[in-house]
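Coordinate inspection notes
Each chain, written out:
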Amino acid sequence: MADRHPLFMPLIFVGGLLFGFGLGFSHMARPEVVLNFLQFEDFGLLFVMGGAAVVTGLAFALVPRLRERAPLTGDTYGRRLKSFDRNVLIGGAIFGVGWGLSGICPGAAYASLGVGNVTILWALAGMFVGAYVQGYWRSQRTASETSPAGAD
C-alpha cells in the first residue's frame, strides 16, 4: 500500500460517494423500487444495471489497451479467474434471497441509509452477521484442513 498514489484513498472515497449519490438520485436505494423490479412491475432497475454493465464492460475491454498499468496503483491489468463451484452457488442463493427479502443489496443499503431509511439498519446488521459467520466458518474450515492428522 505504500507504493500507491497519494490520491488513491481519497478517490476511492469520492467514487463511493458518487456511487451512493447515483443510487439515491435514481431511486435505486429505495427497497420498494427493487422489490417492484423483482415482481416484474417496474423495469427501471434493469436499465440502471444494464447501463452499468455496458460501461464496465467497455472499461474492462478498452483501458488495458490504452494503458499498461493502473494509474493509481501501478499494478498491471490482469484477469482473476475464480472457480464456479458449490460455494459460489450457495453464496449466490443466499445473496439472492437476502436481496429479495430486504429489497436492497449491500451497496444500495448504505445509500438507502444516506437518504434517511433508518429501518435498513436491520438489513445491514444481517449482512454483517452473515459476513462474520461466513468468515468464522471459513477460518474454522481452513484451520481443520491445515492441522496435521491426529493433532487433536
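As recorded in an unreviewed UniProt entry, the chain goes by the name Putative transporter component, listed as coming from Natronococcus occultus SP4.

This brings us to the pattern of salt bridges. Overall, the coordinates contain one salt bridge when judged by the stated rule. In this structure, the salt-bridge partner of Arg30 is Glu32, at a minimum N-O distance of 2.8 Å. Under the relative-accessibility criterion, Glu32 is labelled partly exposed at 38%.

Glancing now at the UniProt feature "transmembrane region" (unreviewed entry) in the chain. With numbering aligned to this structure, UniProt lists the feature "transmembrane region" (unreviewed entry) at residues 7-25, 45-63, 84-102 and 108-133. In residues 7-25, the share of helix is 95% and the share of strand is 0%. The end C-alpha atoms are 26 Å apart. Between the C-alpha atoms that bound residues 84-102 there is a distance of 26 Å. The span itself is 89% helix and 0% strand.

Taking 1.5 Å as the rise per residue, helix H3 (residues 44-66) with 23 residues should run 33 Å; its terminal C-alpha atoms sit 33 Å apart, in good agreement. At Phe60, H3 shows its maximal kink, close to 25°; a proline, Pro64, follows between one and four residues later.

Moving on: the packing of helix H1 (residues 8-25) against helix H5 (residues 106-114). The N-to-C vectors of H1 and H5 enclose an angle of 75°; their axes lie 9 Å apart at closest approach. Taken together, the axis directions place H1 and H5 in an arrangement best described as roughly perpendicular. Note on element contacts: H5 touches H1 through Gly107, Ala108 and Ala111, opposite Phe19, Gly20 and Leu23. Broken down by class, the residue content of the contact of H1 with H5 amounts to four nonpolar, two polar and no charged.

Turning our eyes to something else, we now look at the layout of surface pockets. Taken as a whole, the largest pocket holds about 680 Å³ of empty space. Forming the boundary of the largest pocket are 20 residues, of which Gly91, Ile94, Phe95, Gly130 and Ala131 lie nearest the centre. Those elements giving two or more residues to the lining of the largest pocket turn out to be helix H4 (86-102) and helix H6 (121-146). No other element matches H4, which puts nine residues into the lining of the largest pocket.

Cut-offs applied
- Residues numbered from 1 in each chain as written.
- Predicted model: local features only at pLDDT ≥ 70, side-chain atom pairs only at ≥ 80, totals over all residues.
- Heavy atoms only, no water.
- Salt bridge = Lys/Arg side-chain N within 4 Å of Asp/Glu carboxyl O.
- Buried < 20%, exposed > 50% of the residue type's maximum accessible area, 1.4 Å probe, protein only.
- UniProt positions renumbered as here; feature names shortened; annotations may be inferred.
- Helix = DSSP H or I, 4+ residues; strand = E, 2+ residues; numbered from the N terminus.
- Expected span 1.5 Å × (residues − 1).
- Bend = angle between axes of the 7 residues up to and from the residue.
- Axes fitted to C-alpha atoms, helices over the stretch in contact; angles between N-to-C directions.
- Parallel < 35°, antiparallel > 145°, perpendicular 65-115°, else oblique.
- Contact = heavy atoms within 4.5 Å.
- Nonpolar A, V, L, I, M, F, W, Y, C, P; charged D, E, K, R; others polar.
- 1 Å grid on protein atoms, 1.4 Å probe; cavity = no way out; pocket = protein on both sides within 12 Å on 5 of 7 lines; lining within 4 Å.
- Points joined across faces, edges and corners; volume = space filled by probe spheres on them.

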